[in-house]
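# Structural description and commentary
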Amino acid sequence: MTTAYFYLTAEGESLAHRLAAGHPGDLYGKENFKENLRRGFSRYDYLVCIMATGIVVRILAPLITHKTKDPGVVVLDQRGRHAISLLSGHLGGANELARKMALLSGGEAVITTATDVAGELSFDTFAQSHGIAIENIEMLKHISGAFLDGQPVRVITDKSYPELTKAAEARKLILHPVRGADGLSEQLPTVVLDEGFSFPKPPGFPVLYLRPRTICAGIGCKRNADGASIEDALLAVLKKEGLSPLSLKCISTIPLKADEPGIHFVCERLSVPLTVIPPEEIKALDIDSLGIQTSSFVAEQTGLLSVSTASSYLASGKGRILKDKVKFKGITVALSQTMNDA
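These notes cover the structure that comes with them.

Reading guide: rules and limits
Residues numbered from 1 in each chain as written. Predicted model: local features only at pLDDT ≥ 70, side-chain atom pairs only at ≥ 80, totals over all residues. Heavy atoms only, no water. Pairing = 2+ DSSP bridges. Helix = DSSP H or I, 4+ residues; strand = E, 2+ residues; numbered from the N terminus. Axes fitted to C-alpha atoms, helices over the stretch in contact; angles between N-to-C directions. Contact = heavy atoms within 4.5 Å. Phe/Tyr/Trp six-rings, centres within 6.5 Å; stacked < 30°, edge-to-face > 60°. Buried < 20%, exposed > 50% of the residue type's maximum accessible area, 1.4 Å probe, protein only. Parallel < 35°, antiparallel > 145°, perpendicular 65-115°, else oblique. Left-handed = near helix turned anticlockwise from the far one by under 90°. Nonpolar A, V, L, I, M, F, W, Y, C, P; charged D, E, K, R; others polar. Disulfide = S-S within 2.5 Å. Salt bridge = Lys/Arg side-chain N within 4 Å of Asp/Glu carboxyl O. Right-handed = clockwise from strand over helix to strand, strands pointing away. Arc of directions from axis to C-beta. 1 Å grid on protein atoms, 1.4 Å probe; cavity = no way out; pocket = protein on both sides within 12 Å on 5 of 7 lines; lining within 4 Å. Points joined across faces, edges and corners; volume = space filled by probe spheres on them.

## Some thoughts on the sheet that holds strand S14 (residues 274-276)
Pairing is mixed across the open sheet formed by 5 strands, whose spatial order is S14-S13-S12-S16-S15. Looking at strand neighbours, the two that pair on one side only are S14 and strand S15 (320-328), the edges of this open sheet. Across the sheet, the mean angle from the axis of one strand to that of its neighbour is 25°, orientation sign disregarded. Contacts from helix H14 (residues 308-315) reach strand S12 (215-221), strand S13 (248-253), S14, S15 and strand S16 (331-337) within the one sheet, and its direction differs from that of S16 by about 25°.

## Topic: the packing of aromatic side chains
Evaluation of the coordinates by the stated rule reveals 7 aromatic pairs. Their ring planes at 20° and their centres at 6.1 Å tell us that Phe 123 and Phe 147 sit as a pair that is stacked. Separated by 24 residues along the polypeptide, Phe 123 in helix H6 (residues 123-129) and Phe 147 in helix H7 (residues 140-148) bring together distant segments of the chain. For the pair shown, Phe 123 and Phe 147 are each scored as buried. Summarising the aromatic geometry, the rings of Phe 197 and Phe 199 are spaced 5.3 Å apart at their centres and angled 75° between planes, so their arrangement reads as edge-to-face. Given a relative accessible area of 13%, Phe 197 falls into the buried group.

## Points about the packing of helix H1 (residues 10-22) against helix H4 (residues 94-105)
At a closest axis distance of 9 Å, the pairing of H1 and H4 adopts a crossing angle of 115°. Relative to H4, the element H1 lies roughly perpendicular. Considering only the axes of H1 and H4, their crossing is right-handed. On the side of H1, the interface is formed by Leu 15, Arg 18, Leu 19 and Gly 22, while H4 contributes Lys 100, Met 101, Leu 104 and Ser 105. Here the contact of H1 with H4 is composed, by residue class, of 4 nonpolar, 2 polar and 2 charged.

## Observations regarding the state of the cysteines
All chains considered together, the criterion is met by 0 disulfides. We note that Cys 250 lacks a disulfide partner, and the nearest cysteine sulfur, in Cys 216, lies 3.5 Å from it. Taking the relative accessible area as the measure of exposure, Cys 250 reaches 4% and is therefore buried. Sulfur of Cys 267: no disulfide; nearest cysteine sulfur belongs to Cys 250 and is 8.6 Å away.

## With respect to the pattern of salt bridges
Within the structure shown, the criterion is met by 8 salt bridges. Across the salt bridge formed by Glu 135 and Arg 211, the nearest N and O atoms sit 2.8 Å from each other. Of this pair, Glu 135 sits in the loop between strand S7 (132-134) and H7 while Arg 211 sits in strand S11 (residues 207-212), and the two are 76 residues apart along the sequence. For Glu 135, a relative accessible area of 37% puts it in the partly exposed group. Residue Arg 223 is joined to Glu 260 by a salt bridge in which the shortest nitrogen-to-oxygen separation is 2.7 Å.

## Observations concerning the pairing of strand S9 (residues 173-176)
The pairing of strand S8 (residues 153-156) with S9 spans 4 bridges and is parallel. Bridging from a neighbouring strand, Val 153 pairs with Leu 173 of S9. Between the parallel elements S8 and S9, the chain passes through helix H8 (residues 162-169) in a crossover that is right-handed.

## Overview of helix H10 (residues 261-270)
Along H10, the positions that sit buried rather than exposed are Gly 262, Ile 263, Val 266, Cys 267 and Leu 270. Viewed along the axis of H10, the buried residues span an arc of 140°, placing them on a single side of the element. Opposite the buried face of H10, at more than 90 degrees from it, the exposed residues are Pro 261, Glu 268 and Arg 269. Packed against the buried residues of H10 are S12, helix H9 (227-240), S13 and S14.

## Focus on the sheet that holds strand S6 (residues 108-110)
Strands sit in the order S2-S1-S3-S4-S5-S6 across an open sheet of 6 strands; the sheet is mixed. Whereas interior strands pair on both sides, the edge strands pair on one side only; in this sheet they are strand S2 (26-28) and S6. On average, adjacent strands in this sheet sit at an angle of 20° to one another, irrespective of strand direction. This element, H1, spans strand S1 (3-7), S2, strand S3 (46-50) and strand S4 (72-76) of the sheet and lies at about 160° to S1.

## Focus: the layout of surface pockets
Within this model, the largest pocket holds a volume of roughly 430 Å³. What lines the largest pocket is a set of 20 residues, among which Gly 220, Cys 221, Lys 222, Phe 297 and Val 298 lie closest to the centre. Elements represented by at least two residues in the lining of the largest pocket include exactly S12, helix H13 (296-302), S15 and S16. Sort the elements by how many residues they give to the lining of the largest pocket and H13 lands first, with 4 residues. In terms of residue class, the lining of the largest pocket is made up of 8 nonpolar, 8 polar and 4 charged. One number sums up the size of the second largest pocket: a volume of about 350 Å³. Looking at the second largest pocket, it is lined by 18 residues, and the ones nearest its centre are Lys 67, Thr 68, Leu 91, Gln 128 and Arg 213. When contributions to the lining of the second largest pocket are tallied by element, the ones reaching two or more residues are H6 and S7.

The structure is reproduced here in C-alpha cells:
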C-alpha cells in the first residue's frame, strides 16, 4: 500500500518526516502542490495532507468518484493534534490510517463514520480485513442502518469469524446456515457470506452479498489460446459449481504456460493474480491418491501428469479439490478451495 505526504509549511514538513519515519511514504512540499495532490489521488492508496481541511476538500472534490475506488485521505493540522479521516474511511482505510497517524503524532484521531462512532460492526471494514469481495455495495447502507437503529441483522453463512460470533452473542446478529436459506421469508436485513449462494429470486428484504476469495482456478491451454474462450470456459465451470467469479483467489498454471496472453487476459479481466506452480511440486504429488485425472498427451507435452487440477490444488495450499479438470476445446479448467478461509 503506497502513501504520499503533502505539506505547505516548515512545521508541516517536520511533521511529515516524523510520520514517514513510522509509516513510509513519498513527501511533497509546496512546489507544484495542487498538481501533485491531484496526480497523487490516482497514484497512491493513501494521501496524508498536513494543512487546513478546506484546502484538501476544494482540490480533491472534482476527483472523487466512489468509495470503492477513492484512496484513503487523512488530514492533520501542522502540529499533529488532530488526524481527521476525511475520505474512504472504511474501504479506503482512512479510519485506520488516521488512528496510526494520531499515534505517531501524539494527537487524536477524528473518526466520523456512524458505525465506528456507535461501536457497531461495519461489514465493509470486515470484508476488507478478511480479503472478502463485496458484490453489491449499494446494499451496505441498509445493513449499517439496521445496526444503527438497533434492529437485528441476519447473516447467512457456514463460516466462523470472531467478529460475527461476538455480535451474535450480543444478539445483534442472527446466524443462519446456508442450507435452507432460500426458503427464508422473515423480513430481516440480511448478509450472505458465501462463495456462491444467492437467492433465486429477489427477496422482500435487503441482501448484501459478500464473497470470500477462497477459490483457486487451474488453467491449462494450447499455445496462443484465445483469452475470451478461456474466460468463457472458466466462468462456465464456476457457474455450474454455483460459485461467484468474485470468490476467485487466483488463477494458476505451470511455467510453460505462464506467458500465455490468453491467461493474462483472464487474470486482468477478473482482477485476480496469476500463481505459477513449479513443476517439481506437481511431480511430488501422489496423483493417484488424490484421484486427479491424468493425460498421456499432457504428459508428452509438459512432462507432467496434470496441469490444471494439480496447479489449482497446490495454489490452494493443498486445500480441497472442488472440480477436477473440465475439458473444452484446447482448454482445461479445474477448481480447488483453500481451507483457511476464516
